[in-house]
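# Close look at the chain arrangement
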Amino acid sequence: AQSVGETEKAEFQRIITAQISAFRADDGPTAYSFAAPVVRNIFPTPEIFMSMVKQGYPQVYRPSSFKFDEASADSAGRPTQRVTIVGPDGKTYQALYTMEKQPDGAWRIAGCAILEIPGVDA
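Quick look at the structure, then. (Residues numbered from 1 in each chain as written. Predicted model: local features only at pLDDT ≥ 70, side-chain atom pairs only at ≥ 80, totals over all residues. Heavy atoms only, no water.)

Let us now look at the environment of S64. For S64, the position within the fold is in the loop between helix 5 (58-61) and strand 1 (65-73). Between the C-alpha atoms of S64 and K91, which are 27 residues apart in sequence, the distance is 9.5 Å. With residues up to four places along the chain from it excluded, the contact list for S64 reads R24, V86, G87 and P88. (Helix = DSSP H or I, 4+ residues; strand = E, 2+ residues; numbered from the N terminus. Contact = heavy atoms within 4.5 Å.)

Have a look at this one:
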């Protein structure tokens, strides 16, 4: 896997932390501001985006806790950031955030895949 520089890793962690903080505050416009255009095309308003997150991603919408793991590039060369999350259900999950650099140089979240880590509870 390709490596991700410390500068990018710090930026990924800043963005993900800010988005989780916005979810916790039910601040849809701020949470939505971190979404890449590919996500915005599917969920065209902050309200639709927040509804999707509430229903499909309760772990990132209301995490009990989270910590950052490694940042690397996936098989397609896209930068990713792994996050271990304890969900509101007390179970531990691995979230894989795919990051996308925008033409203006800013990073945005292009996707998030969540897997339960069996046998690991908080």
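What follows deals with the packing of aromatic side chains. Under the defined criterion, the tally for this structure stands at 5 aromatic pairs. Ring geometry for F66 and F68: centres 5.8 Å apart, planes at 90°, overall edge-to-face. Here the aromatic cluster, defined as three or more aromatic residues joined through ring pairs, consists of F23, Y32, F49 and Y61. One Lys or Arg, R40, reaches over the ring of Y32 and ends 4.5 Å from the middle of that ring. Above the ring of Y61, the side-chain terminus of R62 is found at 4.2 Å from the ring centroid. (Phe/Tyr/Trp six-rings, centres within 6.5 Å; stacked < 30°, edge-to-face > 60°. Lys NZ or Arg CZ within 6 Å of the ring centre and 35° of its normal.)

Attention now goes to unusual backbone geometry. Peptide bonds are mostly trans, and most non-glycine residues show a negative phi. Residue D26 is not a glycine yet carries a positive backbone phi of 55°. By relative accessible area, which is 44% here, D26 ends up partly exposed. (Buried < 20%, exposed > 50% of the residue type's maximum accessible area, 1.4 Å probe, protein only.)

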